[in-house]
Every structure is written in structure tokens, then in C-alpha cells.
Amino acid sequence: MKKLSIKLGILFFLIIFGLITVMFFFLHMGIAESRVEEELKALQARGNSHRAILEKHFNKETIDHVVLMESESMTDVIITNKNGKVLNSSSEFASLKKYLKLPASPITAEGQIVEDNWKDEPYIATISPVEVNGQLIAYVFMFENTASVHSLIQGLNEHFLLAGWISVCLTIIIIIFLSKGITKPLLKMKEATSQLSKGQFSVSLPIASDDELGDLAKSIELLSRDLNYLKQERNEFLASISHELRTPLTYIKGYADIVQKRKLPDEEREKYLNIIVEETNRLSVLIKELFDLAKIDQNSFAIQKERIDLRPFFTKMEQKLSLAFQEKGINFTLQCPQNIFIQADPLRLEQIILNLLDNSIKYSQAGADIKLKAWQHKKSIHISIQDNGKGIPEKEIPLIFNRFYRVEKSRTRSLGGTGLGLAIVKELVQAHGAELHVKSKENAGTEVELIFKGELKQ
Ligand SMILES: Nc1ncnc2c1ncn2[C@@H]1O[C@H](COP(=O)(O)OP(=O)(O)O)[C@@H](O)[C@H]1O
Ligand SMILES: [Mg+2]
């Protein structure tokens, strides 16, 4: 992980250093060039002003005067006649001689630059023509020692170097803090995830920022919480399964032992064998339901929706259940208008409705009323199963969808309940993208309502 901060640091540094270098290079060049240009312009202007004086009074006196003025200044002047013969100069002109090149073609009154190579030459130089009545009579050459330009550039270099050092130091400091700021939380997250992979799900990552790193930390924390919850749930589920499987097996083994070992009167024998059959049925229901749940949990489970005409669909179910209704003297009513259609998986929908009706039958007294209704409201299809049975205590309503949850453990057991029915219903309803609502009042009855939204494709 430390490697990351070094890599990041070096990368940042190279990028910033490169940028600074390029920037400084161009800035430096620009300043130097414009400085030299200014010097040349000033030199030319000075030459031109000498020229203007000479054009007014071109005599030895004026020439001497101009030369005298220049001998006191940083610049130098040489005045030649139109053939290049030196008339006067403000300093020893031996070193300046090589610049005394006459222009090959006539030049404008503004004059021109003779030498601007300040880097290699000791002087920069300009030339201005002196004309009287349109006749070229002389030239004014102006010179400036490039030493001054060089010292200027030298000063500039020193400033740039200082600025360069300061910015390099600053970038290094910033990079150190920045890469620490990035890698530190990453390091913590890495530790957290490796803890997760070791099975320690209670990690906490104090979130310092609200950026992507903070989001990542939050996600990891959420993940750890979810994993923790799943682990607990799985443990509880496994414990419940083993308990639920063991109970009927204990009965079966116990009664089988009795029947096998003792000589019992036929009546009693019959009774015990009935219990064995009952418990065996329970076991097979339980195993079937567990298998259903396992299939749903695995993502291989797929819903195959098709258009279902609800009325014939429910009528067929009513026929299937008629025996169960008769047995318990139940008053069943189906309220479903013609031509209500729904997009659902018919097998799963049947499983949902059967489970709910089975509960209504199981948890109602003999002679109870059970209603199966379907209707259309706006774009949704509503299906409700209503009974006037013993109802569910309000506190327990949210719990009945949990696996193995039964309101009265012992009583529902005698009714053959496993506590898995509603868990399966919930999963199936969710897989359809539908909603499920339970209203119930103790000793008054229960209503379960399913809402299939926007399923109205006729
Ligand atoms: N219509 C109902 N009336 C009263 N109680 C109900 C009804 N439906 C469900 N319950 C309660 O919810 C519990 C869970 O139901 P379910 O998951 O179907 O399990 P099971 O039917 O195997 O007992 C039941 O044990 C019962 O206590
Ligand atoms: Mg049930």
C-alpha cells in the first residue's frame, strides 16, 4: 500500500515539475526577448533623435555635440558619412568597427537594426540615415553593450531559480500530504476488507470525507453489516431447520419404537400409526417447502409471466379446494368480475393463493367465511383473501413472513404448520414485483391483499 503513495507522489511530482519547467522556460524566453526588443527600440529611438538634430544642422559642431552627449551615457554613437567613413565616435571604435556595415539598399528614415544577437555579440547596434533635402549624407550608428542585457538576464535567472526551488518544495510538501490523504483511508479500507475476508464482520471505518473515498468506506461498512446479518440469519435458519426436522423425527421414532416393542391393543396401535403417518406427511411438506425456498434463494429461479384470465383461474382453484372447504364447513365466496387479466407466472400465483387460502382455512374455526376477491383499481390488479378467523396479534404481523415464524408454536404445530408458507409467499410476490399487505385483528379475522401494479396489458 505504501507503494501506491510513492507511485502517486512520483507521478504528481513529474507532472507538476514538467509543467513548471515548460512554463518557466517560455516565460523566461518571453521576458528576455521583450527586454532586448525594448532595449533595441530605445537605442533606435536615441539614434533617430540624433539624426533629427543632425538633419537640422549638419556641421562639425553638431556632430561633436552629439558625440559628447553619448560619451557620458551608457550607449555609444559613431557618425559616418554616406560612404562609411567615420566622422566622429563617442568611444574607441576599433571594437565597433565590424558593425559599421552600410545597408545594401536604401533604408527608411526610421532606420534599422544592425545587430540584435545579444547572446553571442558584445554589442547590439542600430543605424539611422541622415538625409538633408532628400539626399543621404550620413549615418548614425548606435551601440549598446550587451553586458547590461546579460546582467539583466542573470538577475532574471536568479529569480526564476528561486521561484523554481520554492515551487518544487511546495509541490513536494503538497504531494506528501495529498498522497497520505488518499492512501491512509485506502489503507484502512484494505485492512477492513481483509478482516471481512477472515470472517470478522464487525468492521468500522470512521468516514472523514464525503467524496468517493468516503462513499467507498460507507459501502464497505454497509457490506460488513449485511454480511454480519446474513451470517446470523443463516445460523439461525440452520438451527431452526435442524430443530424443525428433528421434532417430527423424534415423534416418528418414539411411536415406531412403541408400536414395535409392545403388544398393543389394535385401537392404540392404529392411533400411533396415524401419528407416524401425520408426522411423515409433515416432514415431507417441510422438506418440499425448504426446497422451494432454496430454489428461490438460488438465482436460478425464474418467473415466467403470462396473461392469466383471473376468473377461470380462481374458479379452477375453488374446485380443487372444495373438499377442504367442505371438511371444515367453510363458506367460500369468490368475487371476481369477468375479464380481469394479470401478467403472472400461473404456477407461482397458484402457489401464493393456495398458501394464503390454506392459512385462512387452518386458522379459522369451522363454519367460517372466506372470501377471495379480485378487482381492478386504476392500472393495478388487487387480489384479496379475507377470513373471519382467529386473526394475528398486531405486534406479530410484521413477523409472520419470517421463516419458521408461527404465532402459537404449539397450536399451529398441531394444525400441521411449518411457518414457511408465508416466507415462500413473500419471496414469490417480490419476484413478481408485486406488493403484499396484511390487515388482521385478533379474534376478528385477517385480510391479505396483493397488488400487481401496472399489470394491465390487455
Ligand atoms: N389467515 C390467518 N389467520 C390467522 N393467523 C394466520 C393467518 N395466516 C397466517 N397466520 C399466522 O402466521 C403464521 C405463519 O404462517 P405461515 O408462514 O403460512 O406458516 P404455517 O401456515 O405453516 O403455520 C402462522 O403460523 C399463523 O400463526
Ligand atoms: Mg401457511
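Per-chain numbering applies: the sequence of each chain, read as written, is numbered from 1 onward. Throughout, the order in which chains and ligands are written sets their labels, letters from A for the former and numbers from 1 for the latter. In keeping with the model being predicted, local features are shown solely for residues with a pLDDT of at least 70 and side-chain atom pairs are shown and tallied solely at 80 or more, while totals for entire chains, interfaces and linings include all residues. Values shown for side chains rest on all heavy atoms present in the structure; no hydrogens or waters enter the calculation.

Worth spelling out the cut-off: UniProt positions are given in the numbering used here, feature names are shortened, and annotations may be inferred rather than shown by experiment.
Identification of the chain as histidine kinase from Cytobacillus solani is taken from an unreviewed UniProt entry. As its UniProt record puts it under Catalytic activity (unreviewed entry), the chain is described as follows: "ATP + protein L-histidine = ADP + protein N-phospho-L-histidine." If you open the UniProt record of the chain and go to Subcellular location (unreviewed entry), you find "Cell membrane".

A short note on a nonpolar patch on the surface
The following threshold applies: Within the patch definition used here, like charges are joined within 9 Å and nonpolar side chains (Val, Leu, Ile, Met, Phe, Trp, Tyr) within 5 Å, considering only residues with over 30% relative accessible area and no salt bridge. Calculation of accessible area relied on Shrake-Rupley with a 1.4 Å probe; when residues are assessed, cover is drawn exclusively from the protein chains displayed. When a carboxyl oxygen of Asp or Glu lies within 4 Å of a side-chain nitrogen of Lys or Arg, that pair is called a salt bridge. A run of H or I in DSSP counts as a helix once it spans at least four residues, and a run of E counts as a strand once it spans at least two, with each numbered from the N terminus. Burial classification: accessible surface area is computed with a 1.4 Å probe over protein chains only, and a residue below 20% of its type maximum counts as buried, one above 50% as exposed, and the rest as partly exposed.
A cluster of nonpolar residues, Leu162, Ile166, Leu170, Ile174 and Leu178, forms a patch on the protein surface that exposes about 470 Å² of accessible area. Considering the arrangement of structural elements, one finds leucine 170 in helix H3 (residues 146–197). Of the residues examined, leucine 170 reaches a relative accessible area of 47% and is grouped as partly exposed.

A look at a negative patch on the surface
To keep things clear, this is the line we draw: Positive charges come from Lys and Arg alone, negative charges from Asp and Glu alone, with His and the N- and C-terminal ends not counted. Each charge is placed at NZ for Lys, CZ for Arg, CG for Asp and CD for Glu.
Together, Glu33, Glu37, Glu38 and Asp116 line one region of the surface with negative charge. Tracing the backbone through its elements, the reader meets glutamate 38 in helix H1 (residues 2–56).

Considering the sheet that holds strand S2 (residues 86–89)
Here is the rule: At least two DSSP bridges between two strands are required for those strands to pair. Lines fitted to C-alpha atoms define the axes here, with helix axes fitted over just the stretch in contact, and angles between the N-to-C directions of these axes take values from 0 to 180 degrees. Contacts: residue pairs with any heavy atoms within 4.5 Å of one another.
Taking strand neighbours across the sheet as the criterion, the five strands line up as S2-S1-S5-S4-S3 in an open arrangement whose pairing is antiparallel. Strands with a single pairing partner mark the edges of an open sheet, and in this sheet they are S2 and strand S3 (112–115). Across the sheet, the mean angle separating the axes of adjacent strands is 25 degrees when strand polarity is ignored. Across the face of the sheet, helix H2 (residues 60–71) comes into contact with strand S1 (75–81), S2 and strand S5 (135–145) while running at roughly 160 degrees to S1.

As for the packing of helix H5 (residues 266–297) against helix H9 (residues 421–431)
Test applied: Roughly parallel refers to an angle under 35 degrees, roughly antiparallel to one over 145, roughly perpendicular to one between 65 and 115, and oblique to any angle outside these ranges. It is the rotation of the near helix from the far one that decides the hand of a crossing: anticlockwise by less than a right angle makes it left-handed, clockwise makes it right-handed.
Close contact between H5 and H9 brings their axes to 10 Å; oriented N to C, the two are set at 25 degrees. In terms of axis orientation, H5 runs roughly parallel to H9. For the crossing formed where H5 meets H9, the hand is left-handed. Between H5 and H9, the contacting residues are Glu289, Asp292, Leu293, Ile296 and Asp297 on the first element and Gly421, Ala423, Ile424, Glu427 and Leu428 on the second.

Brief notes about the environment of threonine 418
Counted only if it meets this: Polar contacts, as used here, are pairs of N or O atoms within 3.5 Å; protein pairs need one atom able to donate a hydrogen and one able to accept it. Residues neighboring in sequence count only if both atoms are side-chain atoms.
When you line up the elements, threonine 418 lands in the loop between helix H8 (409–414) and H9. The exposure class assigned to threonine 418 is buried, which follows from its relative accessible area of 4%. Distance in space between the C-alpha atoms of threonine 418 and glycine 9 is 62 Å, their sequence separation being 409 residues. Contact partners of threonine 418, with chain neighbours within four places excluded, come to Val285, Leu286, Glu289, Phe404 and Arg406. Within the structure, the side chain of threonine 418 is placed 2.4 Å from the side chain of glutamate 289, a separation counted as a polar contact. A distance of 3.2 Å separates the side chain of threonine 418 from the backbone nitrogen of leucine 420, its partner in a polar contact.

A few points about the site of ligand 1
Just so we agree on the cut-off: If even one non-hydrogen atom of a residue comes within 4 Å of a molecule or strand, that residue is called near it.
With respect to spatial proximity, 19 residues lie near ligand 1, and among them Asn359, Tyr363, Thr418, Gly419 and Leu422 are the closest. One nitrogen or oxygen atom from the main chain of glycine 419 is found 2.7 Å from an oxygen atom belonging to ligand 1. Out of a free accessible area of 530 Å², ligand 1 has 96% covered by protein chains. Contributions of two or more residues to the shell around ligand 1 are made by helix H7 (346–362) and H9.

Quick word on the pattern of salt bridges
The tally for this structure, following the rule as stated, stands at 16 salt bridges. Across the salt bridge formed by glutamate 350 and lysine 320, the nearest N and O atoms sit 2.4 Å from each other. A residue pair is termed long-range when its members are at least 10 positions apart, and glutamate 350 in helix H7 and lysine 320 in helix H6 (residues 310–327) qualify at 30 residues. Judged by its relative accessible area of 19%, glutamate 350 falls in the buried class. We classify lysine 320 as exposed; its relative accessible area is 54%. With its nearest N and O atoms 3.5 Å apart, the salt bridge here joins aspartate 358 to lysine 362. Of this pair, aspartate 358 and lysine 362 both sit in helix H7, separated by four residues, roughly a single helical turn.

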